[in-house]
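Architecture and fold: a report
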Amino acid sequence: MDAAYYLAQKKRAPSFLAEGEDKAIIYRSKAEEQIAVSIAGFYALECGLSYFAATRGELPSEMLSSIVNNSLPEKDQLFFERLANATWKAGQPFKGLDRITRPAFILPLF
């Protein structure tokens, strides 16, 4: 869409990446890496809670109670597990794409 805007203005779109950014490596500390790995589960939980609140009108506090009490219906539990798997996979290219091709991480949706 960004390029379409400039095309409509009859201007040349600026480069998406600055010179050298396509080959740039940003090194992170071990602590930053651990936060990035851990945040995927939290993000999956937040996405799942938001989804159920929007589609079913479920209160996030009730969903959290069901998770803590291990009384979440199996279908909902599988949904949260797939979200956790997807958010974890999304962060793996930073560690190496080969990590997401292992059989343990290729699961059917339902």
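Rules used throughout
- Residues numbered from 1 in each chain as written.
- Predicted model: local features only at pLDDT ≥ 70, side-chain atom pairs only at ≥ 80, totals over all residues.
- Heavy atoms only, no water.
- Helix = DSSP H or I, 4+ residues; strand = E, 2+ residues; numbered from the N terminus.
- Buried < 20%, exposed > 50% of the residue type's maximum accessible area, 1.4 Å probe, protein only.
- Contact = heavy atoms within 4.5 Å.
- Areas by Shrake-Rupley, 256 points an atom, 1.4 Å probe, with all protein chains shown as cover.
- Phe/Tyr/Trp six-rings, centres within 6.5 Å; stacked < 30°, edge-to-face > 60°.

**Regarding the overall build of the protein**
When its secondary structure is counted, the protein shows 4 helices and 0 strands. In the protein, the succession of α and β elements from N to C terminus is α-α-α-α. The burial tally for the protein puts 15% of its 110 residues in the buried class. Considering only contacts within the protein whose residues lie at least 6 apart along the sequence, 47% involve residues at least 24 apart. Element-wise, carbon and sulfur atoms account for 61% of the exposed surface of the protein, whose accessible area totals about 8,900 Å².

**Section: the environment of Arg82**
Mapped onto the fold, Arg82 is located in helix α4 (residues 74-91). Assessed through its relative accessible area of 16%, Arg82 is described here as buried. Linking Arg82 and Gly48, residues 34 residues apart in sequence, is a C-alpha distance of 9.9 Å.

**With respect to the packing of aromatic side chains**
One pass over the full model with this rule turns up 6 aromatic pairs. Taking the centre distance of 5.3 Å and the plane angle of 65° together, the rings of Phe52 and Phe79 count as edge-to-face. Here Phe79 lies in helix α4 and Phe52 lies in helix α2 (residues 30-56), a separation of 27 residues in the sequence. Ring plane angle 75° and centroid distance 6.5 Å describe the contact between Phe79 and Phe80, whose orientation is recorded as edge-to-face. Its relative accessible area of 10% is what places Phe80 among the buried residues. One aromatic cluster in this structure is built from Tyr51, Phe52, Phe79 and Phe80.

The analysis is restricted to geometry; functional conclusions fall outside its scope.
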